[in-house]
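A structural walkthrough
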Amino acid sequence: FGGTSSSFSLPFTASWEPDLWGRVRLAVDNAVANAQVSAATLENARLSAQALLATDYFLIAGSDMQQAVLANTIENYQKNLTLTMNRFNGGVASKSDVTLAQTQLYGAQSQSTDLKISRAQDEHAIAVLTGQPPSMVEIPVLVINAPPSVPAAVPSVLLQRRPDIAANERQVAAANANVGLAQAAYYPTLTLSASAGFLSPTLQSLFTWASRTWSAGPSLSQTLFDFGRRGAQLELTQAEYDSTVAAYRQTVLSAFQEVED
């Protein structure tokens, strides 16, 4: 009824929600699975870059070995053209023989030019894959006497080492955890809380024994009506889980196809 009152307080509060229905555990499982998906995706990108690097390397080696064969062929065609021209000048060979010899020589020279262009492009690709300007990379002539052997058959369990398969499998695990979280939304939430501190109308008596205060107790909350929101969310997570399972199966089938190919 008029006037002013003051109060001073220094509270300390704490609360804890027991993981009765696995909400926290499922959320952690989902986060861990998503982190593993990211790690597998990174490894898949690294493996793809390494595969491209190896492919370009062997393409360059193949171009160099073909170039060596073509160099010998061009030399022989050049000698044949000279011999044919001498025979034509001597009246022994016809003009068509000269044209044929020229065609063989020009065809081999054209193939040599194409190989040089292809080799340069593969060299530029290796430069980009290794993070260098194409003009700064120059690979010497490569000769492979015995290419690495490829086993005729490998156990299918090796496919589990493929990072793309691992990423899809972890996506299934993350989607499965999301289904559990959607189901846990139907259950009540229990919270345990406590507070302690000091409360006094004057600052001088705030830290006295008589000014101490505390409270503790549980609280339980439950959503009774949400007009179908939780049910729709559960159906969504289940559909997403089915989608990740289908993608996982497709990835595995594609892996088997690539091995067979």
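Residues numbered from 1 in each chain as written. Predicted model: local features only at pLDDT ≥ 70, side-chain atom pairs only at ≥ 80, totals over all residues. Heavy atoms only, no water.

1. Some details on unusual backbone geometry
Here is the rule: Counting from the N terminus, the helices are the DSSP runs of H or I reaching at least four residues and the strands are the DSSP runs of E reaching at least two. Each residue is placed in one exposure class: buried if its accessible area under a 1.4 Å probe, protein chains only, is under 20% of its type's maximum, exposed if it is over 50%, and partly exposed if it falls in between.
If you check the backbone angles, phenylalanine 227 has positive phi at about 55 degrees while not being a glycine. By the secondary structure assignment, phenylalanine 227 is in the loop between strand E3 (212-221) and helix H4 (229-260). Residue phenylalanine 227 is classed as exposed on the basis of its relative accessible area, which comes to 85%.

2. Observations regarding the environment of tryptophan 21
Note the following rule: We call two residues in contact whenever any of their non-hydrogen atoms come within 4.5 Å of each other.
Examined against the element boundaries, tryptophan 21 turns out to sit in the loop between strand E1 (8-16) and helix H1 (23-89). Residue classification places tryptophan 21 among the partly exposed residues on the basis of a relative accessible area of 37%. In this structure the C-alpha to C-alpha distance between tryptophan 21 and tyrosine 186, which are 165 residues apart in sequence, comes to 9.8 Å. If near-sequence neighbours (up to four positions away) are discounted, tryptophan 21 is found in contact with Ala184, Tyr187 and Pro188.

3. What to know about the sheet that holds E3
This is how the line gets drawn: Strand pairing is assigned whenever DSSP identifies at least 2 bridges connecting the two strands. Note on method: axes are straight lines fitted to C-alpha atoms, helices fitted across the in-contact stretch only, with angles between N-to-C directions ranging 0 to 180 degrees.
Ordered by their spatial adjacency, three strands build an open sheet running E1-E2-E3, and the pairing between neighbours is antiparallel. Here the strands that pair on one side only, and so sit at the sheet edges, are E1 and E3. Taking the axes of each pair of neighbouring strands and ignoring which way they run, one obtains an average angle of 15 degrees across the sheet. Here strand E2 (residues 189-200) pairs with E3 via 10 bridges, running antiparallel. The partner of leucine 192 across the bridge, within E3, is proline 218.

4. Remarks on the pairing of E1
Little of E1 sits inside the fold, with zero of its nine residues counted as buried. Bridge analysis of E1 against E2 gives nine bridges, and the strand direction is antiparallel. Each bridged residue has a counterpart across the sheet, and for threonine 13 the counterpart in E2 is serine 195.

5. Some remarks on the layout of surface pockets
We count it as follows: Here a cavity denotes a set of grid points, spaced 1 Å apart and computed over the protein atoms alone, in which a 1.4 Å probe fits but from which it cannot get out, and a pocket denotes an open set meeting protein on both sides within 12 Å along at least five of seven lines; residues with an atom within 4 Å of a point are reported as lining. Grid points are joined across faces, edges and corners, and a volume is the space filled by probe spheres set on the points. The classification used treats Ala, Val, Leu, Ile, Met, Phe, Trp, Tyr, Cys and Pro as nonpolar, Asp, Glu, Lys and Arg as charged, and all other residues, Gly among them, as polar.
For the largest pocket, the calculated volume is near 330 Å³. Forming the boundary of the largest pocket are Val150, Pro151, Ala152, Ala153, Val154, Pro155, Ser156, Leu158, Leu159, Phe256, Val259 and Glu260. Taken together, the residues that form the lining of the largest pocket break down as 10 nonpolar, one polar and one charged. Every residue along the wall of the second largest pocket is listed here: Leu47, Leu159, Arg162, Glu258 and Val259. Partitioning the lining of the second largest pocket into residue classes produces three nonpolar, no polar and two charged.

6. Considerations on the side chain of serine 211
So the rule is basically this: Two N or O atoms form a polar contact when they lie within 3.5 Å of each other; inside protein one atom must be a possible hydrogen donor and the other a possible acceptor, and for residues adjacent in sequence the pair counts only when both atoms belong to side chains.
Within the secondary structure layout, serine 211 lies in the loop between E2 and E3. There is a polar contact of 3.0 Å between the side chain of serine 211 and the side chain of threonine 208. Those residues within four positions of serine 211 in sequence are excluded, and the remaining contacts are Gly197, Phe198, Leu199, Ser200, Ser205 and Leu206.

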